[in-house]
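Take a look at the letters that make up each chain.
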Amino acid sequence: MPKGKHFMNKFKLALILTALLFSISACETSTETTEKDADKSPATEIAKTDDGKSVKEIKWSNQKGEGGPENWAKLEMENNACGGKAQSPIDIVTKDAKANDKLTAIKFDYSDSDVDIVNNGHTIQFNVSGNNKITIGDKEYKLLQFHFHAGSEHTIDGKQYPLDVHFVHKNSDADFAVIGLMYEKGAENALFAEYMKDFPAEKGEKKGEGEIDLMSLVPKETGYYNYKGSLTTPPCSEVVNWYVMKKPVTASKEQLDSFAKILHDNFRAVMPLEGREVSSFGK
């Protein structure tokens, strides 16, 4: 064979071997990269509980257990805020609450509203209609609904009240104002006397008769504690300015007992303060 042809054949063979080796190396590198990327991806495997059940199948609850408050942060990706550092409720230590001259009295601008009472499986909630709002400083917040917890979610100097109500107001998706008002045992509560017969004992909705005078629910005492926190149920978004009123209102023992039977301890335990400051306004 002529030397030129022999050289060309060797050259072609070398090219083929080189291409083959490069292809094998590329496949190995590609496989390795894909596997590493898969390890980093949060969507490669659905988190499981100890018994193998997907966390997506578990519904949240206020009761202890796999769906209880201690596990809320694990249930769904959108609930990750439940493990955050600005969670609610908290225990308000009165001696540590600092007077704040920048705070002002809450201005209530409520009117009459249709009565739409819902037991959503977690609370008794009154959905409201109309343009009901509060003004705090230079900000307006629209009233969305109010609902109840038995016992109270916030505590004052370690004391838990038998019941509280949360008035939920919204300025924007990132700015809510929630007013918390405690109930203690005493004189009969007029709202409960009129509407407790309409409270759905099980999950469901009931329309009450007539309209409710929302201004009649406004506390006469204006003093409150203020701090930045979160919604107290999933997704626990840390978007709330809390205004916990200092003075409780009353409800009779029979009314408080009736609530307790329906709501079954539907409160979240107090969360760590994590260095947040609690401010005080008024008496």
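Please refer to the structure placed before this passage.
Residues numbered from 1 in each chain as written. Predicted model: local features only at pLDDT ≥ 70, side-chain atom pairs only at ≥ 80, totals over all residues. Heavy atoms only, no water.

1. Regarding the overall build of the chain
1) Next: Of regular secondary structure, the chain possesses four helices and 15 strands.
2) Next: Expressed as a percentage of the 283 residues in the chain, the buried residues total 40%.
3) Next: The long-range fraction of contacts in the chain, counting pairs at least 24 apart against all pairs at least 6 apart in sequence, stands at 65%.
4) Next: Accessible area for the chain stands at about 16,400 Å²; split by element, carbon and sulfur atoms hold 54% of it. (Helix = DSSP H or I, 4+ residues; strand = E, 2+ residues; numbered from the N terminus. Buried < 20%, exposed > 50% of the residue type's maximum accessible area, 1.4 Å probe, protein only. Contact = heavy atoms within 4.5 Å. Areas by Shrake-Rupley, 256 points an atom, 1.4 Å probe, with all protein chains shown as cover.)

2. Quick look at the nonpolar core
1) Next: Counting 41 residues, the largest nonpolar core has Phe 126, Phe 146, Phe 148, Phe 192 and Phe 199 as its most contacted members.
2) Next: Not counting the four nearest positions on each side in its chain, Phe 192 is found in contact with Phe 148, Leu 163, Tyr 183, Phe 199, Ala 251, Gln 255 and Phe 259.
3) Next: Within the second largest apolar cluster, 15 residues are counted, among which are Phe 176, Tyr 225, Val 244 and Val 278. (Core = buried A, V, L, I, M, F, W, Y, C linked by side-chain atoms within 4.5 Å.)

3. A look at a negative patch on the surface
1) Next: Where like charges cluster on the molecular surface, the negative patch consists of Asp 112, Asp 114, Glu 211 and Asp 213.
2) Next: Looking at the negative patch, the elements that each hand over two or more residues are strand 4 (112-119) and strand 11 (204-213).
3) Next: Along the chain, Glu 211 falls in strand 11. (Patch = residues over 30% accessible without salt bridge, like charges linked within 9 Å, V, L, I, M, F, W, Y side chains within 5 Å. Salt bridge = Lys/Arg side-chain N within 4 Å of Asp/Glu carboxyl O. Lys, Arg positive; Asp, Glu negative; His and termini not counted. Charge placed at Lys NZ, Arg CZ, Asp CG, Glu CD.)

4. Let's talk about the pairing of strand 13 (residues 240-245)
1) Next: Among the six residues in strand 13, six count as buried, and that is most of the element.
2) Next: Neither face of strand 13 is left uncovered, since the one carrying Val 240, Trp 242 and Val 244 and the one carrying Asn 241, Tyr 243 and Met 245 both have all their residues buried.
3) Next: Bridge analysis of strand 12 (residues 224-229) against strand 13 gives six bridges, and the strand direction is antiparallel. If you follow Tyr 224 over to strand 13, its bridge partner there is Met 245. (Pairing = 2+ DSSP bridges.)

5. Digging into helix 4 (residues 253-263)
1) Next: Among the residues of helix 4, Gln 255, Leu 256, Phe 259, Ile 262 and Leu 263 are the ones counted as buried. In a view along the axis of helix 4, the buried residues occupy a sector of 125 degrees, so they form one face of it. What points out from helix 4, more than 90 degrees from its buried face, is the exposed set Glu 254 and Lys 261.
2) Next: Just past helix 4, the residue His 264 takes up positive phi, approximately 55 degrees. (Arc of directions from axis to C-beta.)

6. So, the pattern of salt bridges
Pairing between side chains of opposite charge can happen when the charged atoms of each approach one another.
1) Next: The tally for this structure, following the rule as stated, stands at 10 salt bridges.
2) Next: Its salt-bridge partner being Asp 116, residue Lys 207 comes within 3.9 Å of it at the nearest N-O pair. Pair noted here: Lys 207 is in strand 11 and Asp 116 is in strand 4, with a separation of 91 residues, a long-range link.
3) Next: Bridged by salt links that share partners, the residues Lys 197, Asp 198 and Lys 206 form one connected network.

7. A look at the pairing of strand 12
1) Next: Most of strand 12 sits out of view: five of its six residues are buried.
2) Next: Here strand 12 runs beside strand 15 (residues 279-281); their pairing, made up of three bridges, is antiparallel. For Tyr 225, the partnering residue across the bridge sits in strand 15 and is Ser 280.

8. Notes on the environment of Ser 172
1) Next: One can find Ser 172 in strand 9 (residues 163-172).
2) Next: When its relative accessible area of 28% is taken as the criterion, Ser 172 is described as partly exposed.
3) Next: Each C-alpha atom of the pair Ser 172 and Tyr 141 lies 8.4 Å from the other, and the pair is 31 residues apart in sequence.

9. What to know about the environment of Ser 230
1) Next: Within the secondary structure layout, Ser 230 lies in the loop between strand 12 and strand 13.
2) Next: Classification of Ser 230 by relative accessible area gives buried; the value is 0%.
3) Next: Sequence separation between Ser 230 and Pro 89 is 141 residues; the distance between their C-alpha atoms is 7.8 Å.
4) Next: Look past the residues within four positions of Ser 230 in its chain and what remains in contact with it is Ala 86, Gln 87, Ser 88, Cys 236, Ser 237, Glu 238, Val 239, Val 240, Trp 242 and Arg 268.

10. Looking at the layout of surface pockets
1) Next: In this structure, the largest pocket spans a volume of roughly 420 Å³.
2) Next: In terms of lining, the largest pocket is formed by 25 residues, of which the most central are Asn 189, Ser 216, Leu 217, Val 218 and Val 249.
3) Next: Contributions of two or more residues to the lining of the largest pocket are made by strand 7 (139-149), strand 9, strand 10 (175-185), helix 3 (190-195), strand 11 and strand 14 (249-251).
4) Next: A total of four residues in the lining of the largest pocket trace back to one element, the largest contributor, which is helix 3.
5) Next: Residues of the lining of the largest pocket, tallied by class, amount to 15 nonpolar, three polar and seven charged.
6) Next: Of the voids in this model, the second largest pocket is the one considered here, and its volume is about 320 Å³. (1 Å grid on protein atoms, 1.4 Å probe; cavity = no way out; pocket = protein on both sides within 12 Å on 5 of 7 lines; lining within 4 Å. Points joined across faces, edges and corners; volume = space filled by probe spheres on them. Nonpolar A, V, L, I, M, F, W, Y, C, P; charged D, E, K, R; others polar.)

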